[in-house]
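# Overview (structure and organization)
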Amino acid sequence: MRIALASPPIPDSLKSGLISLEKMVKDASEKNVDIICFPESYLPGYPGMSYSTKDRTSESLEAALKHVRGVAQLYSIAIIVPMDWYSSVGLQNVAFVISKEGEVLGMQTKNQLDPTEDEIWIAGTDRQLFEVEGVKFGITICHEGFRYPESVRWAAQNGAKIVFHPQFTANTESGKQLTEWGHKDNPYYEKAMMMRAMENTIYFASVNYASNYSESASSIIYPNGNCMAHQNYGEAGIIVADIDPEQATGLLAKRFKNHLY
């Protein structure tokens, strides 16, 4: 399966986010990509950045999802689009999976919130697998993928060949500009990506925004923990890679003795 990770600029509005999304989906489609994933809370944009309240209404978000479904159908490509979403329990951080026909295949909620997010979103309670082009995959969102390896282990034990990891790790105003992927002085995030792949023997695909002060790069990790491809820090665009499901055996995940813990 050919996958793409989109590293867009941090959107300044819902409209600009949708414009960037369609541009990157078109680019991925021209490269014969099967599925493309965007960063955490991409629509309407990560909270706390002075976005218009009109962009954050239920009606605006529903219209945005409908638009993304149309883009998927137009370019015949599956899309993972992380959004804020009003559910029956309140506002949640989710990632929708949309087929190349524009059908919503389901959504994954963020179930383990960062402590700073407790007043923003309601945590989800369920996990599920998805399938595109015959390949099963899971989704874990930012903090839960970095701090709760169980979220990835569950997917691997249940047959996922790859886990997508929409995230947002950046300081938007100041900070250290990273230059070398996986450097010992970088924040721990890229090391965690390696571990999520190798401790489960599956692919791990973590996708971040393009920012001057990104704290990790959008990265695709082999099942052995090596970095397969990554985006340049601060550079908007997509990275594309072919994954071989046969290499994602899930061996170590399946050997984990759940009953002992």
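What comes next is a walk through the structure. What you see is a predicted model; the values in this text were computed from it and never measured. Numbers given to residues run from 1 along each chain, matching the order in which its sequence is written. In view of the model being predicted, local features appear only for residues whose pLDDT reaches at least 70, and side-chain atom pairs are presented and counted only at 80 or more, with totals across whole chains, interfaces and linings using the full set of residues. Side-chain numbers come from the whole structure's heavy atoms, not from hydrogens or water.

### Remarks on the pattern of salt bridges
Short version of the rule: What counts as a salt bridge is simple: a side-chain nitrogen of Lys or Arg found within 4 Å of a carboxyl oxygen of Asp or Glu. By definition, any uninterrupted DSSP run of H or I lasting at least four residues is a helix, any uninterrupted run of E lasting at least two residues is a strand, and each is numbered from the N terminus. Working definition: with a 1.4 Å probe on protein chains only, accessible area under 20% of the residue-type maximum means buried, over 50% means exposed, and in between means partly exposed.
Within this structure, the stated rule accounts for 10 salt bridges. Among the ionic pairs, Lys26 bridges to Glu30, the shortest N-O distance being 2.7 Å. Of the two residues, Lys26 and Glu30 both sit in helix α1 (residues 14-30), four residues apart, roughly one turn of that helix. Between Arg196 and Glu199 there is a salt bridge; the shortest N-O distance is 2.6 Å. Here Arg196 matches Glu199 in class, with each residue buried. Three or more residues joined by partner-sharing salt bridges are found here, namely Glu40, Lys110 and Glu117.

### Regarding the nonpolar core
Side chains of nonpolar character tend, in soluble globular proteins, to be buried together. The condition that has to hold: By convention a nonpolar core is built from buried Ala, Val, Leu, Ile, Met, Phe, Trp, Tyr and Cys residues, the set being connected through side-chain atoms within 4.5 Å. Any two residues whose heavy atoms approach within 4.5 Å at even a single point are treated as in contact.
Core analysis: the biggest nonpolar cluster contains 44 residues, and Ile3, Ile35, Ile80, Phe137, Ile139 and Phe164 have the highest contact counts within it. If near-sequence neighbours (up to four positions away) are discounted, Ile80 is found in contact with Ile35, Ile36, Cys37, Phe38, Ala95, Phe96, Val97, Phe137, Ile139 and Phe164. Of all hydrophobic cores here, the second largest spans 34 residues; its members include Met24, Ile36, Phe96 and Tyr209.

### Some thoughts on empty space enclosed by the protein
What counts is decided by this rule: Only protein atoms enter the 1 Å grid used here, on which a cavity is any set of points holding a 1.4 Å probe that cannot leave and a pocket is any open set flanked by protein within 12 Å on both sides along at least five of seven lines; residues with an atom within 4 Å of a point are listed as lining. Grid points are joined across faces, edges and corners, and a volume is the space filled by probe spheres set on the points.
Counting across every chain of the model gives one cavity of 30 Å³ or more. Volume-wise, the largest cavity comes out at about 50 Å³.

Honestly, that's just the spatial picture; any functional story needs more than this.
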